[in-house]
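# Chain and residue survey
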Amino acid sequence: MADDDILVLDSVTKFGPDSPGKVAIAASHGGVYAGYLAAKARVRGVILHDAGIGKDRAGIGSLAYLDDLQIAGATIDCKSARIGDGESMANDGTISHVNETARRAGCAPGQGAMDCARAMRSARGPEGEAPGYAEARFAIIEKPGQRRVMGCDSVSLVRPEDDGDIVITASHGEVLKKDPVWGARPDVLAAVFNDAGSDAPSRLPDLDARGIAAATVSTASARIGDARSGYEDGILSFVNETARAHGAAPGMSCREFVDLMLDGARRDG
């Protein structure tokens, strides 16, 4: 059987009108927000990246959520394939976890990603509409005369009006293979991501080229897909050269990094 009904995507933000009823290998983290976007696209099954699993097992948090909707869900072992790269997931990925819906369809840990995706074809598929998701974009700090600090559970929620502000995103810190730059997003003062278990997050040097201070919090310290956890719990694992020039360093809390950047902005006027 041809694999035309299996979508290979660099991100769950790339679903289109042809997605309903298909199976997707989408190289986003396996947190609940990613599962929500897959459910909203009405796919039959989805394979995500376990992002090192991390704090509170957030990297596989979508699996139970998808089970409730009768959508087959699985995650790829973070050591087997690159997050943000759908082709790497499809060609090299090894399944680390599956939900019960996927298990009934014949999926199991240890399978290759494509074998798991093919098995998902027999899953029943979504029942009903995806339930609403709690606010995924919100102000963490918003005071008159001060740069805002915005929480975004996905980097896709960063908006033009965030220019000059700090964005705490709960997305992974890798550029997408087919969209490998910050692109048309605004020139924020600073940006924070989750390292998703990576040992060299590629988003950081990309933002150096724009003069944007950037850092990742370790996936063990903060829940991926949860910007509030990134701000409240996160411990910096990597910083780019722009952030380092402002005094940022691994081991600093995300709160300390935000305060450092806000203090610098106040001094600079």
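Not measured: the values here are computed from a predicted model. Per chain, residues are indexed from 1 in the order of the written sequence. At least 70 in pLDDT is required for a residue's local features to be given in this predicted model, at least 80 for side-chain atom pairs to be given and counted, and no such filter applies to totals for whole chains, interfaces and linings, which use all residues. Side-chain measures here rest on the full set of heavy atoms in the structure, leaving out hydrogens and waters.

## As for the environment of Asp-226
Selection rule: Starting at the N terminus, helices and strands are each numbered in turn, a helix being any DSSP run of H or I of at least four residues and a strand any DSSP run of E of at least two. Residues are treated as being in contact if the distance between any of their heavy atoms lies within 4.5 Å. Nitrogen and oxygen atoms within 3.5 Å of one another constitute a polar contact, given that in protein one can donate a hydrogen and the other can accept it, and given that sequence-neighbouring residues count only through two side-chain atoms.
Of note, Asp-226 is situated in the loop between strand 10 (213–217) and helix 7 (227–233). For the pair formed by Asp-226 and Ala-39, sequence separation is 187 residues and the distance between their alpha carbons is 18 Å. If we ignore the near neighbours within four places in the chain, the residues touching Asp-226 are Asp-153 and Ala-170. A polar contact is formed between the side chain of Asp-226 and the backbone nitrogen of Ser-229, at a distance of 3.1 Å.

## Regarding the pattern of salt bridges
In plain terms, the rule: Every case where a carboxyl oxygen of Asp or Glu lies within 4 Å of a side-chain nitrogen of Lys or Arg is listed as a salt bridge.
Taken as a whole and judged by the stated rule, the model has 18 salt bridges. Between Glu-100 and Arg-103 there is a salt bridge, with its nearest N and O atoms 3.7 Å apart. In this pair, Glu-100 and Arg-103 are both assigned in helix 4 (residues 100–104), 3 residues apart and thus about one turn of the helix distant. A salt bridge links Asp-162 to Arg-148, with the nearest nitrogen and oxygen atoms 2.9 Å apart.

## Let's talk about the sheet that holds strand 5 (residues 95–98)
Quick reminder of the rule: For two strands to be treated as a pair, DSSP must find no fewer than two bridges joining them. For helices, the fitted axis covers only the stretch in contact; all axes are lines through C-alpha atoms, and the angles between them, taken along N-to-C directions, range from 0 to 180 degrees.
Taken together, the 5 strands give an open sheet; going across it, the order is 1-2-3-4-5, and neighbouring strands pair in mixed fashion. Two strands in the sheet have a free side with no partner beyond their single neighbour: strand 1 (6–9) and strand 5. Here the average twist between neighbouring strands, direction ignored, is 25 degrees. The pairing of strand 3 (residues 45–49) with strand 4 (residues 72–76) spans 5 bridges and is classified as parallel. Following the sheet pairing, Gly-45 is matched in strand 4 by Ala-72.

## Some points on helix 9 (residues 254–268)
Cut-off, in case you're wondering: What a helix should span is 1.5 Å times the count of its residues minus one. Three exposure classes are used, based on accessible area relative to the maximum for each residue type with a 1.4 Å probe and protein chains only: buried under 20%, partly exposed in between, and exposed over 50%. Taking the helix axis as origin, the arc is that swept by the directions to the C-beta atoms.
Its 15 residues place the ends of helix 9 21 Å apart at the C-alpha level, agreeing with the 21 Å of an ideal helix rising 1.5 Å per residue. If you check which residues of helix 9 are buried, you get Cys-254, Phe-257, Val-258, Met-261, Leu-262, Gly-264 and Ala-265. Each buried residue of helix 9 sits inside an arc of 160 degrees when the element is viewed along its axis, so together they form one side.

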